[in-house]
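Architecture and fold: a report
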Amino acid sequence: MHYEQSRIVWQGKWRLRVDTFRLADGRLYERGAIDHPGAVVIVPLLPGDGGPQVLMLRQYRPALDLTILELPAGTREPDEPWLLCAQRELREETGQRAATFTALGEVWAAPGLTNERMAVFLAEGLSGDPLPMDEDEQIAVEPWPLAELAVRALDGRLDAAKSVVGILRAARHLGL
């Protein structure tokens, strides 16, 4: 397959493009893709009597027409440093500031569809310091035991991929 051209068909915080490729037999083939500036996923950790607690979000997702349980996350501004994005998103979505952030690696969000890269952070030493939420966000913040979330990540009851990765990486980092 040989790349021929690309055209942007929609643009907002990310861009929808259509790429044209030439197949080995000479035929042209089109495929859509999303150009994305990247996003962060945050595992906000609180101490708990029975072990660490994670601030999870119950958030309505229009693409699914469902409210799902997931970790705080958000899109980077173009060229925004990953850590600054994580600090901002934590405050916007949970109303908390973290004393420390630990990088837990990066993942491709959905490589068959987008070039979105997600950086995962563990956030500890939380204290209240809210920023306004985005106008389209409907979010409820709920503390959950990290150990229970790890079980849910493994058995399929936690099914947002970014949250599964973030929870399992945090649990491993903390030796759970």
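As the structure is a computational prediction, the values presented were derived from the model and not from experiment.

**As for unusual backbone geometry**
Residue aspartate 65 is not a glycine yet carries a positive backbone phi of 55 degrees. Tracing the sequence through the fold places aspartate 65 in the loop between β5 (53–61) and β6 (66–70). On the basis of relative accessibility, which here comes to 54%, the residue aspartate 65 falls in the exposed class. Residue aspartate 79 is not a glycine yet carries a positive backbone phi of 65 degrees. Relative to the helices and strands, aspartate 79 is located in the loop between β7 (73–75) and α1 (82–94).

**Some remarks on a nonpolar patch on the surface**
Residues Val9, Trp10 and Leu16 make up a contiguous nonpolar surface patch of about 260 Å² in total accessible area. In this structure, valine 9 sits in strand β1 (residues 2–11). Residue class for valine 9 comes out partly exposed when judged on its relative accessible area of 45%.

**Overview of the sheet that holds strand β2 (residues 15–22)**
On the basis of which strands lie adjacent, the open sheet formed by three strands has the order β1-β2-β3 and antiparallel pairing. Both outer strands of the open sheet, β1 and β3 (28–35), are each paired with one neighbouring strand and no more. Mean inter-strand twist for the sheet, computed between neighbouring axes without regard to direction, equals 25 degrees. Summarising the sheet, β1 and β2 pair through eight bridges and their orientation is antiparallel. Paired with tryptophan 10 across the strands is leucine 16, a residue of β2.

**A look at the environment of histidine 36**
If you trace the backbone, histidine 36 turns up in the loop between β3 and β4 (39–46). As a C-alpha pair, histidine 36 and glycine 125 span 89 residues in sequence and 30 Å in three-dimensional space. When sequence neighbours within four positions are dropped, the list of residues in contact with histidine 36 reads Trp14, Thr75, Thr114, Asn115 and Glu116. Side-chain polar atoms of histidine 36 contact the backbone nitrogen of glycine 38, separated by 2.9 Å.

**Description of the packing of helix α2 (residues 146–155) against helix α3 (residues 161–173)**
Two quantities define a packed helix pair, namely the angle between the axes and the distance from one axis to the other. Look at α2 against α3: their axes get within 9 Å of each other, and the N-to-C directions meet at 130 degrees. With respect to α3, the axis of α2 lies oblique. Between α2 and α3 lies a crossing of left-handed hand. Two secondary-structure elements touch here, α2 through Leu146, Leu149, Ala150, Ala153 and Leu154 and α3 through Val164, Ile167, Leu168 and Ala171.

Rules of the game
- Residues numbered from 1 in each chain as written.
- Predicted model: local features only at pLDDT ≥ 70, side-chain atom pairs only at ≥ 80, totals over all residues.
- Heavy atoms only, no water.
- Helix = DSSP H or I, 4+ residues; strand = E, 2+ residues; numbered from the N terminus.
- Buried < 20%, exposed > 50% of the residue type's maximum accessible area, 1.4 Å probe, protein only.
- Patch = residues over 30% accessible without salt bridge, like charges linked within 9 Å, V, L, I, M, F, W, Y side chains within 5 Å.
- Areas by Shrake-Rupley, 256 points an atom, 1.4 Å probe, with all protein chains shown as cover.
- Salt bridge = Lys/Arg side-chain N within 4 Å of Asp/Glu carboxyl O.
- Pairing = 2+ DSSP bridges.
- Axes fitted to C-alpha atoms, helices over the stretch in contact; angles between N-to-C directions.
- Contact = heavy atoms within 4.5 Å.
- Polar contact = N/O pair within 3.5 Å; in protein donor to acceptor, adjacent residues only side chain to side chain.
- Parallel < 35°, antiparallel > 145°, perpendicular 65-115°, else oblique.
- Left-handed = near helix turned anticlockwise from the far one by under 90°.

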